[in-house]
Amino acid sequence: MTRYIIRRLLQFVPVVIIATLIVYALNFLMPGDPIRALAGDRPMSEAAMETIREEYNLNDPFLVQYGKYVWGIITAGDFGSTFSGRPLSDIIAQRLPTTLMLAAVTFSIQAVIGIIAGILAGLYKDRFIDRLVQVTTVIMVALPTLVIGFLLQLIFGLNLDWFPIAGTRDGLVSYILPGIALAAVSTGMAARMVRGELVDALQSDYVRTATAKGLSRQRVVLRHGLRNSLIPVVTFLGADLATLLGGTMVIETVFNIPGLGAMIVDSIKGQEGTVVVGIVTLFVLFFVTINLIVDLLYALLDPRIRYE
Amino acid sequence: MDAAQPTSRKSPAKDETMTSSSTAEPLLEVRDLQVEFRTKAGTAQAVNGLNVTLHAGETLAILGESGSGKSVTAQAIMGILDMPPGHIAGGEIRYRGEDLLQMPAERRRRLRGMSISMIFQDALSSLNPVLPVGWQIGEMFRVHRGMKRREARQKAVEMMERVGIPAAEKRAGDFPHQFSGGMRQRIMIAMAIALDPDVLIADEPTTALDVTVQAQVMRLLKQLQEEFNMGLILITHDLGVVADVADKIAVMYAGRVMEASGVYSIYSSAAHPYTRGLLASIPRVDGADERLDAIPGLPPALTDMPPGCPFSPRCAFATDRCRTERPELREIAEGHTAACHYAEDFITAEEDPA
Ligand SMILES: Nc1ncnc2c1ncn2[C@@H]1O[C@H](COP(=O)(O)OP(=O)(O)O)[C@@H](O)[C@H]1O
Ligand code: SF4
Ligand SMILES: [Mg+2]
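Residues numbered from 1 in each chain as written. Chains lettered and ligands numbered in written order. Predicted model: local features only at pLDDT ≥ 70, side-chain atom pairs only at ≥ 80, totals over all residues. Heavy atoms only, no water.

(A) The sheet that holds strand 2 (residues 42-54) of chain B, seen in detail. Residue and element names in this part refer to chain B. Across the sheet, which stays open at both edges, the 4 strands sit in the order 2-1-4-5 with antiparallel pairing between neighbours. The strands lining the two open edges of the sheet, one partner per strand, are strand 2 and strand 5 (98-99). Across 10 bridges, the pairing between strand 1 (residues 28-39) and strand 2 is antiparallel. Each bridged residue has a counterpart across the sheet, and for Phe 37 the counterpart in strand 2 is Ala 44. On top of the sheet, helix 2 (residues 70-78) reaches strand 1, strand 2 and strand 4 (86-95); it is set at about 110 degrees to strand 1, its chief contact. (Pairing = 2+ DSSP bridges. Helix = DSSP H or I, 4+ residues; strand = E, 2+ residues; numbered from the N terminus. Contact = heavy atoms within 4.5 Å. Axes fitted to C-alpha atoms, helices over the stretch in contact; angles between N-to-C directions.)

(B) Here's a closer look at the site of ligand 2. Near ligand 2 the following residues occur: His 272, Pro 273, Cys 309, Phe 311, Ser 312, Cys 315, Ala 318, Cys 322, Pro 327, Cys 340, His 341 and Tyr 342 of chain B. For the shell around ligand 2, the per-class residue count stands at 9 nonpolar, 3 polar and no charged. (Near = heavy atom within 4 Å. Nonpolar A, V, L, I, M, F, W, Y, C, P; charged D, E, K, R; others polar.)

(C) Broad picture of the interface of chain A and chain B. If you look at the interface, chain A gives 22 residues, while chain B gives 26 residues. Between chain A and chain B the total buried area reaches about 2100 Å² when both faces are included, carbon and sulfur atoms providing 59% of it. For the chain A face of the interface with chain B, the top three residues by lost area are Arg 208, Ala 212 and Lys 213 of chain A, together amounting to 27%. Taken together, the links from chain A to chain B amount to 2 salt bridges. We note a salt bridge from Glu 139 of chain B to Arg 219 of chain A, for which the minimum N-O separation is 2.7 Å. Our enumeration of links across chain A and chain B arrives at 13 residue pairs in polar contact (both at pLDDT 80 or more). Where the side of chain A that touches chain B is concerned, the elements lending two or more residues are helix 9 (205-212), helix 10 (217-254) and helix 13 (303-306) of chain A. Each residue belonging to the side of chain A that touches chain B can be placed in one class, and the counts come to 7 nonpolar, 6 polar and 9 charged. (Buried area = accessible area lost by both parts, 1.4 Å probe. Salt bridge = Lys/Arg side-chain N within 4 Å of Asp/Glu carboxyl O. Polar contact = N/O pair within 3.5 Å; in protein donor to acceptor, adjacent residues only side chain to side chain.)

(D) Broad picture of the site of ligand 1. Residue and element names in this part refer to chain B. With respect to spatial proximity, 13 residues lie near ligand 1, and among them Gly 67, Gly 69, Lys 70, Ser 71 and Val 72 are the closest. With respect to ligand 1, the backbone of Gly 67 contributes an N or O atom lying 2.7 Å from an oxygen atom. Protein burial of ligand 1: of its 550 Å² of free accessible surface, 68% is covered by the chains. The element that contributes the greatest number of residues to the shell around ligand 1 is helix 2, accounting for 3 residues. Tallied by class, the residues present in the shell around ligand 1 amount to 5 nonpolar, 5 polar and 3 charged. (Areas by Shrake-Rupley, 256 points an atom, 1.4 Å probe, with all protein chains shown as cover.)

If you want it as structure tokens, here you go:
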């Protein structure tokens, strides 16, 4: 186990470096000249532009720029600043809780609804509840997140007026519709996955052995069937939590939620490369860390991985 | 009709069991068991009126080609058939005189693992991959005996030692995939005999193992059976194994017993053409290059059984009578039954020149 952990940690470092490097390169792929964008419509002297280049390390070779950038993040939490001079770390501190809240609501829906629906479908295979789950999840997986978001706003926001459709003024309730929209695809996938795994497990040789041991049906299902069927879904949901941040860009915009995802979209529109790169770098770090945790968790749950 | 009583015993210890068992009530009596599988292709009659009897300390070998219904029989006795598609269409399975099929589910569950237990062919897939083996053995003590975790673990280690697993104390926390095939099967055995059951069903326990390990595991099973005075049902398609361990034998074909007798009569005077075919198919140890002389043809489709003798399409001696009239299992000599119209002729034909 220790060797496995060390190996995974050693893999973690190059992955972080390569991923953040690629994101950093985005700076140079953004259309337009960042310094001219910074100046807006005002004319700017060559000397002033040079000062700015110096300040933003723009005269250094690419890798040195990157190195200084990463060093700033690690040592001082310094993600650079916006055109208006506001440190990006301030913005992150202000907006991160909103996005994390959305992520938490989304993840809870995926995990709880996805797993429960999957278990019910698997236990009552080919019965009504199974059919219901199968049909519903196909629809959930097939519809684009954006469409689900609009539909939810229309039905539960405008028509029924059960939930707010924009902003975060109402606290937790405000996150429910965007959370459902963001969770839909993965909830459907998680449910189908749990169902499939559970159906397989319940037909497996070791569950037959558990029955032959004279255990109660409940114990056979919970201790022997379910435990194994949930291992893959833990990995799936974990990996999904990591990609979920990408989805916040769409949903925060649709539901007008002032989080980091919406910030990325705004900054792309405003050509604020530093902001885009800063937040995306944060997302990437989050993604890679979650994946590491998921891998370790997987090894903890499945001894066959641990001892490979 | 009854499966045969044993006609010969091997050890004095066994003679004692024999005397007590022939007077005592049998441990297990399967009467006219019928198991069907309802599938899209139709109703497959996997077991058709099967009869076997087992006494304490006795080893009954069930032999037959693959697909003849051996595992289904075992699963029906254990009460672990896949239902659906499986379905018990008739018959009785009496354990100490009481019909398991009529018993309340909860009572029957308690008997499983405690009084009747089973080991399977593939120990790797039959053990839970994500639970330590000691935990899996200990579960027997916790569930059936209400023991605490630590006590159960101690018992599990004792059982592991008993089946010959080296460094049992240390290895109880290991997982199934960390053991060799033979050791895994020993763990299955430890789990099955943990609560000192009366009946042990072993469904091809050595088929998945290396030849050298096969013999060790068989020896262990035999030794434990004598120690615990269990009734052992040994399912196999390997006639070679049977001679060493079984007291009596039932040969199955298409869900029926075709012939049953004490183990020696099978070798000395097999009456049924199917049994003779199986005997001829044992690969010989002395002639390594000798071809395995399997019976030509395939078993009948279980969804569409021929009206007469199920073996008639493959039988070299089949007559018109065989194709229309189904031979019942009947006694052809003391303790020797066979389901063939001409069973007596085959025996005499063999014994005459001798
Ligand atoms: N789960 C099942 N579903 C459908 N048919 C089955 C099932 N299990 C067994 N059968 C049928 O029962 C027959 C006998 O199987 P089995 O008892 O496993 O044979 P064997 O003698 O090789 O152990 C098979 O040929 C198959 O047609
Ligand atoms: S009854 Fe006829 S077909 Fe069946 S085994 Fe005997 S001789 Fe062969
Ligand atoms: Mg079988």
